[in-house]
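Spelled out from the first residue to the last, the chains are:
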Amino acid sequence: MNMTRREFLKSAALLAALAPFARLRAQDAAPAAATDEKPAAGPLDRRTMAGESVPLLGYGCMRLPRGGNGKIDRPLANRLWSRYLEAGGNYFDTAYMYHDGESEAALGEFLSKRPRSSYFLTDKMPVWMARTEEGLKRVFAEQLERTKAEYFDFYLVHSLGWGNWDLAKKIHALEFLLEKKKEGRIRHLGFSFHDAPEALDPILEAYDWEFAMIQLNYQDWTRYRSKEQYEKLVAKGIDVAVMEPLRGGALARLNPTAAAILREADPDASTASWAFRWVASLPGVKLVNSGMSRESDLEDNLKTFSPVRELSEADRAAIAAALAAFQKGQAVPCTACRYCMPCPVGVSIPDIFHLWNVFKADGDRDRFLARYAKIPEKSRASACVRCMQCTKHCPQHIAVPDELAKIAAYAEAPA
Ligand code: SF4
Ligand code: SF4
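Here's what I pulled together on the structure shown here. Because the structure is a prediction, the values reported are computed rather than measured.

## Some words on the overall build of the chain
At step 1: Helix and strand content of the chain: 19 helices and ten strands.
At step 2: Looking at the chain residue by residue over its 415 residues, the buried ones come to 42%.
At step 3: Restricting to contacts in the chain with at least 6 residues of sequence separation, those with at least 24 account for 75%.

Spelled out as C-alpha cells, the structure:
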C-alpha cells in the first residue's frame, strides 16, 4: 500500500506516541519485572520507581570523560556505557546544559543504535534557560532532536527551589510538560530540587509527581537538610532518585584521616562504596545516579551495587567517625556541578574550589600553589568583580565571591 507523506507522518507520530505503551507490555511479560526489589535481567540490584523496574545504579551524564580539547571523549564514554549495559544497567540521566548540550547529543548517538525499549532515558527542563513559554517549546524540541529519542521515559523540571519554581509557574512549565505527557513524549514526570525543605511544600501541592531527585548523601543528610526533604517526599508517597551521592566526588576522596577510618573498618571497600551503601540503605531511595568518568569508577560501582550489602551498626559507626574527621578539614562545599558557569569575567570558579579543597585535604601547599599558578591570570580568584551572577545559580548556596576572596588572599598575595 502506498502512503502519502502526510499519512506516513501521521502513522509515525502515532507509533511514537504508542512506543511507551509497547514497552509497558514488554515489561509486564517479563517475570522479574512484576516483583519489586528483585533483579530483572542483570546482576545489578533493581528497585521500582514510578512503577518501572529500574537499576538502583543510574548512569549520570553530567561529568563524562573529556578529551584534550575539552569535549566529551566519545570513544571512552561509549565504552563505559556499553559496559554498564552489559552489566544489566539501563538508566541514563542527562540534561540540556550538561557539557553545553554535548551530553544529550553523545548519549543520543550511542543509545539510538539500540532498541528504544531496552533503556530508560531521563532528561530535564531548565526553566531558567527556557525563560518563556516559547523557550520551553524550543528547549524540548532541541532535546528530542539531540537525543533522537522520540520520547523521554523520565523527565524532570530541573533544579527547582523558590526562584525556579516561581519562574516555572510564570511560564506555565507544568502545563506544558503535562501536554507533552499527554502526547506520549514524556512517560513519567518529576522534578529535581536544590533548596530548603520548606520550598518543597508548594511544589508538592501543585501536582502528584511520580518521582523526585534530591541531593542525598551522608554528609548532606543534616548539613544540607536532605533528611527533611527525603521525609517530605516519602510521606507523600513520591519515589526518591538521588543525585550527588558522593557530593561531587568529595566522599570518594575524603581526607587521609577519614579514609583511614573506613579502610580500617573494611580494607577491601573503596571510600565511594561506603557512601553508596549508605544512600541505598534508605528504603525510599529507588535510584542512585552516579557520574562515572573512568573505567575503574564504573567497575567499583558495579561491584558495590551487585548487590548492595546492608550496613551493620559497626558500619554506620565507621561512617559517622569518618564524616566527623572529614568535616574538620573541609573547605568549600562545591560539588563541581558548574551551574555557576560561565562567569561573565571568566573566573574558573569550580576549578579554583577544587584545587583549594584538595589542598585543605592533603595540606600540600607547594603543589597547590604550583597548580594555582597554571590558571591564567584572568581566570584566577582575584579577577572576581562580585557581580553575584554565580551565587544565584549555586545549588549549594556558596558565597562564591567571599570564598574566592579568601583564596585570592592566600594564593595571590606577594610572597
Ligand atoms: S561574583 Fe565573581 S565569580 Fe561570581 S560570576 Fe561574578 S565575577 Fe564571576
Ligand atoms: S560553586 Fe556552586 S554552582 Fe559552581 S560548581 Fe560549585 S557547587 Fe556548582
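Once the structure has been displayed, the description carries forward.
## Focus on the packing of helix α3 (residues 102–111) against helix α5 (residues 133–147)
At step 1: Here α3 crosses α5 at 40 degrees, and the two axes come no closer than 7 Å. One element, α3, and the other, α5, form an angle in the oblique class. Note on element contacts: α5 touches α3 through Q143, R146 and T147, opposite E104, A105, L107 and G108.
At step 2: Tallied by class, residues from the contact of α3 with α5 come to two nonpolar, three polar and two charged.

## Observations regarding the site of ligand 1
At step 1: Close contacts around ligand 1 come from 15 residues, with C343, C384, C387, Q389 and C390 the closest.
At step 2: If you list the elements that add at least two residues to the shell around ligand 1, you get α18 (389–393) and α19 (400–411).
At step 3: Per-element tally for the shell around ligand 1: the top contributor is α19, with three residues.
At step 4: Partitioning the shell around ligand 1 into residue classes produces 13 nonpolar, one polar and one charged.

## A word on the nonpolar core
At step 1: In terms of nonpolar packing, the biggest core is built from 93 residues, with A212 and V242 touching the most fellow members.
At step 2: Counting residues per element, this core draws most heavily on helix α13 (residues 271–280), at seven residues.
At step 3: Discounting residues that sit within four places of it in the chain, V242 has contacts with M213, I214, L216, V279, V285, L287, V288 and N289.
At step 4: In terms of nonpolar packing, the next biggest core, distinct from the first, is built from 18 residues, C340, W356, F359 and C384 among them.

## Examining the sheet that holds strand β8 (residues 211–215)
At step 1: Overall, parallel pairing links the eight strands, which are arranged β3-β4-β5-β6-β7-β8-β9-β10 in a closed barrel. Pairwise comparison of adjacent strand axes, ignoring direction, gives a mean angle of 30 degrees for this sheet.
At step 2: Alignment of strand β3 (residues 57–60) against strand β4 (residues 91–93), held across two bridges, turns out to be parallel. Looking across to β4, one finds that Y59 is bridged to F92.
At step 3: Strands in contact with helix α7 (residues 173–182) are β5 (120–125), β6 (152–160) and β7 (186–193); relative to β7, the strand with the most contacts, it is inclined by about 150 degrees.
At step 4: Seen against the sheet, α13 touches β9 (239–243) and β10 (285–290) and runs at an angle of roughly 155 degrees to β10.

## Observations regarding the site of ligand 2
At step 1: With respect to spatial proximity, 15 residues lie near ligand 2, and among them C334, C337, C340, P350 and C394 are the closest.
At step 2: Among the elements that take part in the shell around ligand 2, helix α16 (residues 349–362) stands out by supplying three residues, more than any other.
At step 3: Its residues assigned to classes, the shell around ligand 2 shows eleven nonpolar, three polar and one charged.

## Quick word on the packing of α13 against helix α14 (residues 295–304)
At step 1: Look at α13 against α14: their axes get within 10 Å of each other, and the N-to-C directions meet at 45 degrees. Taken as axis vectors, α13 and α14 run oblique relative to one another. You can see that α13 and α14 cross each other, and the crossing is right-handed. In contact with A272, S273, F276 and R277 of α13, α14 contributes D300, N301 and T304.
At step 2: By residue class, the composition of the contact of α13 with α14 is two nonpolar, three polar and two charged.

Calculation rules
Residues numbered from 1 in each chain as written. Chains lettered and ligands numbered in written order. Predicted model: local features only at pLDDT ≥ 70, side-chain atom pairs only at ≥ 80, totals over all residues. Helix = DSSP H or I, 4+ residues; strand = E, 2+ residues; numbered from the N terminus. Buried ≥ 20, exposed ≤ 12 C-beta atoms within 10 Å, placed from the backbone. Contact = placed C-beta atoms within 7 Å. Axes fitted to C-alpha atoms, helices over the stretch in contact; angles between N-to-C directions. Parallel < 35°, antiparallel > 145°, perpendicular 65-115°, else oblique. Nonpolar A, V, L, I, M, F, W, Y, C, P; charged D, E, K, R; others polar. Near = placed C-beta within 6 Å. Core = buried A, V, L, I, M, F, W, Y, C linked by C-beta atoms within 7 Å. Pairing = 2+ DSSP bridges. Left-handed = near helix turned anticlockwise from the far one by under 90°.

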